[in-house]
Amino acid sequence: MTAMPASGPIRPQPGPGRILDITPESAGWDNVAFSVVELTAADPWSGIEPDRETAIVPLSGSGRVRAEALDAAISRTSVFEELGRIVYLPPGTPYEITTESSLTAAVGSAPAEGRYPARIIEPSEMRVEIRGGGQAYRQVVHSLAHPLPAEKLICYEVFVPRGTWSGWPPHCHDGRDGSPYLEEVYYFRLDRPEGYCMHRNWRT
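Residues numbered from 1 in each chain as written. Predicted model: local features only at pLDDT ≥ 70, side-chain atom pairs only at ≥ 80, totals over all residues. Heavy atoms only, no water.

So, unusual backbone geometry
Cis geometry marks the peptide bond from Gly-15 to Pro-16; its omega dihedral reads 0°. Assignment of secondary structure puts Pro-16 in the segment before β1 (17–22). Despite not being glycine, Glu-68 has its phi angle at roughly 55°, a positive value. By secondary structure assignment, the location of Glu-68 is in the loop between β4 (52–67) and β5 (70–76). Given a relative accessible area of 63%, Glu-68 falls into the exposed group. (Helix = DSSP H or I, 4+ residues; strand = E, 2+ residues; numbered from the N terminus. Buried < 20%, exposed > 50% of the residue type's maximum accessible area, 1.4 Å probe, protein only.)

Here it is as structure tokens:
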């Protein structure tokens, strides 16, 4: 694990193309990369990660992911209205994302050996649970988490009502005192233009 720079919000840039980009180098850690890409009919997106597994998650709009033998339609009206199918790709798999109108998608990756094949993860496979209560009430979707197969990538979607806390009680994932070591990206979307969110970190 490398030294981590000061944390803070990273705001999207104008699209189309990659509007948000977090790499192990920019984050100061070893494993996780995360991007958000905006596509139009004239601006597809393609990539290949030789030594990394990749997950493609639609956020809004519709399109297709083509990767070798896999050809998958992905779509989502909004993250607040429905779950979206996820495309999982093993290392070394070239892919292209296209749309006939518009599509915003999240693309995450992490080092992997290639133990699992390319596949589509349907919303019906994702476990959904309610956690907490009171000011910590929220819905947690296990979008890409055990028992769904991935070597290192973990993906959750958390739906948080206004005025409540998502990560409660306070906890750590820094590998100290028996806690797991996890490199985490929190990507926020708000369903009201006047909304805002708070994210608090502490260091020991």
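After that view, the rundown keeps rolling.
Observations regarding the pattern of salt bridges
Under the defined criterion, the tally for this structure stands at 12 salt bridges. Ionic pairing is found between Arg-76 and Glu-157, a salt bridge with its closest N-O pair at 2.6 Å. In this pair, Arg-76 is assigned in strand β5 and Glu-157 in strand β12 (residues 155–159), connecting sequence segments 81 residues apart. The salt bridge partner of Glu-151 is Arg-115, with a shortest N-O separation of 3.5 Å. Placement of Glu-151 in the loop between β11 (138–144) and β12 and of Arg-115 in the loop between β8 (102–111) and β9 (119–121) is noted, with a sequence separation of 36 residues between them. The class for Glu-151 is buried, based on a relative accessible area of 16%. In the salt-bridge network here, residues are joined through shared partners; they are Arg-64, Arg-66 and Asp-71. (Salt bridge = Lys/Arg side-chain N within 4 Å of Asp/Glu carboxyl O.)

With respect to the nonpolar core
Phe-34, Val-36, Ile-86, Ile-121, Leu-144 and Leu-153 are the most contacted members of the largest nonpolar core, which totals 23 residues. Within the residue set of this core, elements represented by two or more residues are β1, β2 (33–40), β4, β6 (86–89), β8 and β11. If we skip the residues at most four places from it in the chain, Leu-144 touches Ala-55, Tyr-88, Ile-121, Pro-149, Ala-150, Leu-153, Ile-154 and Cys-155. Within the second largest apolar cluster, 16 residues are counted, among which are Val-37, Val-65, Tyr-95 and Ile-97. (Core = buried A, V, L, I, M, F, W, Y, C linked by side-chain atoms within 4.5 Å. Contact = heavy atoms within 4.5 Å.)

Quick look at a nonpolar patch on the surface
Judged by side-chain polarity, Ile-154, Tyr-156, Val-158, Val-160 and Leu-182 come together as a nonpolar surface patch covering roughly 400 Å² of accessible area. Within the secondary structure, Ile-154 is located in the loop between β11 and β12. (Patch = residues over 30% accessible without salt bridge, like charges linked within 9 Å, V, L, I, M, F, W, Y side chains within 5 Å. Areas by Shrake-Rupley, 256 points an atom, 1.4 Å probe, with all protein chains shown as cover.)

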